[in-house]
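# Structural description and commentary
Single-letter residue listing:
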Amino acid sequence: MPNYAMVIDLHKCTGCGACAITCKNENNVQEGFFWSNYVHKTTGEFPNVRFEFMPTLCNHCEDAPCVKACPVGAMYKDKNGITLHDPEKCIGCKSCMIADPYGVIYFNKERPHKFWNSSENAIHNGTSSGKEVADKAGAPIPYYNPEREKTYAGIRPQGIVEKCTFCDHRVKDGEKPYCVESCPAGARIFGDLDDPHSEIIYLISKHGAKQLKAELGTKPKVFYIRSY
Amino acid sequence: MNFYAPWDIRVTLDFFLGGLGIGAFLFAALLSFYDRKRYREMIKISAYIAPISIILGLLALITELGKPARFITTIFRFNPSSVMSWGVFLQSGFVLFALIFAYLIMKNKEDSGMTDLTLILGSLLALAVGLYQGLLLSANVGRSLWSGGLVPVMFLFSSILTGTAVVLLICSLKVSTVSNVTQRETATVDGQSKDFSFTGLLFGLIVANITIVLVWFISLNKGTLETQKALDYLISNHGIIWWGGVIIVGLLIPLVLVLSQLNKRKNNLTTTPIISALILFGGFVLKHIVLIVGQVRFPFL
């Protein structure tokens, strides 16, 4: 069985945020939630300014604290090393969010995709509402991707958490996660950590890699190489 | 800094009410083994408070769940690595023993061997539940305010203090037991046991609480950059409620009042409810502030 992991080449990353947008498209992620996210920081004063940008996502830790914390086993490790979530088992206790050191798990406090369920005019004094657009599109949301339903709830209902799945619905068919596929700079590389000939092993060996909060011992599997 | 705290005041209510429950039960056990005939009324009140309080706390916790109806699945989907999973069983076990004890007291069977067994097993579970509440927080990696392992002990002692205080508050409001609550130790001539020193117990518990809170605070302050950052956040954003509410109102003023009561060597009918109310306020704020501020996340960069 493979042990999937990701390398993010910060030197190649342009900070365009395409990963965050396309992830929403692929996984029907609602407003305010970011399975694929980024943080940035500007330091110094002109002309000596430094800008840092770091894409973030679930680290699919080998020793995942969210999996340990879940009282019902709804958060679990798949055989291929991906950390997955079972919406049918989830009780919405948010223990995983408390345990997760990276802030990548989101809780559906309300009914998801409020905008597309609302009959209020989308634009003030306009004529069309989010619900009308969704109805015309014949889908829960206009950009709904039915492929997501293959392995996870297409849209996660109110009362449960959700998170990045490394696009397990694509990976199981031999495809790459959509953020990897859509990165215009080719900054994301996905592969098998246990395969000594994989590209990610080559890159980690060549450049040395940094993991977020590695000191916590969660063994995160998103590796950052070089710098922005 | 704005942040989203996944666990809100309903979790504090569970910690606080659950804490009252275990504290009241332990207090009942202490009095039962001291002199159960003499303090029958107080034991009775404690025995009723314990299950009611912890059940109310659990109800508050269940409403906090996204899918409250699935709460029952925690029983058959046990995850041994999850503190919350263990907590479900510990709390259920404690509720069971607290209910049995309340039933035995209601049926006037406090002298039976069954009562002693219930008290011993129930007390062990009460201690476990008291520690579990803090463990639920401190068992998380990367949560600086909860790190270091002192939070479970701090919560346990706060629970014992507030549980004792709630019983004393209710008893002191009932005229018939007021004298019991406020009497000082005096050897009696008819061979009865000495009066239990409730003021002395409160004094000991308050001092223990102050010690643990101070040790926790100092060790975080002298800890890593991360723990200092968490403590700075606590003080800069909630300093007034921390120093004023938890330390001064919740611990130091009760300590002064208890000391003056110990010093006067006479019944004081007015201070016990005040001391108890202040302790309860401080205990609630302590648990709430530690719960909420501990959920603050600091940026990676």
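Residues numbered from 1 in each chain as written. Chains lettered and ligands numbered in written order. Predicted model: local features only at pLDDT ≥ 70, side-chain atom pairs only at ≥ 80, totals over all residues. Heavy atoms only, no water.

## With respect to the interface of chain B and chain A
How big an interface is tends to be stated in terms of accessible area lost as the parts join. Put simply, the rule is: Here a residue-residue contact requires only that any non-hydrogen atoms of the pair lie within 4.5 Å. Note on terms: buried area is the combined drop in 1.4 Å-probe accessible area of two parts once they are placed together, counting the loss on both. Throughout this description, the term salt bridge denotes a Lys or Arg side-chain nitrogen within 4 Å of a carboxyl oxygen of Asp or Glu. What qualifies as a polar contact is a pair of N or O atoms within 3.5 Å, subject to a donor-acceptor requirement within protein and to the restriction that residues adjacent in sequence count only when both atoms come from side chains. Elements are defined by DSSP. Helices are runs of H or I of four residues or more, strands are runs of E of two residues or more, and each kind is numbered from the N terminus. Just so you know the grouping, Ala, Val, Leu, Ile, Met, Phe, Trp, Tyr, Cys and Pro go in nonpolar, Asp, Glu, Lys and Arg go in charged, and all remaining residues, Gly too, go in polar.
Taken residue by residue, the interface counts 27 residues in chain B and 39 residues in chain A. Taken together, the two surfaces of chain B and chain A that pack against each other cover about 2,700 Å², and 60% of this comes from carbon and sulfur. For E64 of chain B, the salt bridge goes to K94 of chain A, with nearest N and O atoms at 2.9 Å. At the boundary of chain B with chain A, the tally comes to 22 residue pairs in polar contact (both at pLDDT 80 or more). Those elements giving two or more residues to the side of chain B that touches chain A turn out to be α3 (73-76) and α4 (83-106) of chain B. For the side of chain B that touches chain A, the residue count by class is 11 nonpolar, 10 polar and 6 charged.

## Side note on the side chain of T165 of chain A
Residues and elements named next belong to chain A. Note the following rule: Per-residue accessibility, obtained with a 1.4 Å probe over protein chains only, is compared with the maximum for each type, and a residue is labelled buried under 20%, exposed over 50%, and partly exposed between these values.
Structurally, T165 is set in the loop between β7 (161-162) and α6 (168-171). For T165, a relative accessible area of 3% corresponds to the buried category. Within the structure, T165 has its side chain in polar contact with the side chain of D168 (distance 2.9 Å).

## With respect to the nonpolar core
Soluble globular proteins tend to pack their nonpolar side chains together in the buried interior. Heads up, the rule is: Among buried residues, the Ala, Val, Leu, Ile, Met, Phe, Trp, Tyr and Cys ones that are joined through side-chain atoms within 4.5 Å form a nonpolar core.
One finds F166 of chain A together with F94, L137, W216, W242 and V290 of chain B to be the most contacted residues of the largest nonpolar core, which totals 133 residues. Per-element tally for this core: the top contributor is helix α1 (residues 9-35) of chain B, with 13 residues. With near-sequence residues (within four places) excluded, F166 of chain A lies in contact with Y4, A5, M6, L57, C58, H60, I82, V171, P177, F190 and V222 of chain A. Core analysis: the next-biggest nonpolar cluster, separate from the first, contains 9 residues, A5, I189, I200 and I225 of chain A among them.

## Some remarks on the sheet that holds strand β10 (residues 222-225) of chain A
Residues and elements named next belong to chain A. We apply this condition: When DSSP finds at least two bridges between two strands, those strands are taken to pair.
One open sheet accounts for 4 strands, arranged β8-β1-β10-β9; its pairing is mixed. The strands lining the two open edges of the sheet, one partner per strand, are β8 (188-192) and β9 (209-210). Summarising the sheet, β9 and β10 pair through 2 bridges and their orientation is antiparallel. Paired with K210 across the bridge in β10 is Y224.

## So, unusual backbone geometry
Residues and elements named next belong to chain A. Residue P47 follows F46 across a cis peptide bond; omega there is 10°. Checked against the element boundaries, P47 lands in the loop between β2 (36-45) and β3 (48-57). Here C167, not a glycine, exhibits a phi torsion of approximately 50°, which is positive. Checked against the element boundaries, C167 lands in the loop between β7 and α6. You can call C167 buried: its relative accessible area is 7%. Of note in the backbone geometry, K213 takes a positive phi value of approximately 50° without being a glycine. Along the polypeptide, K213 turns up in the loop between β9 and β10.

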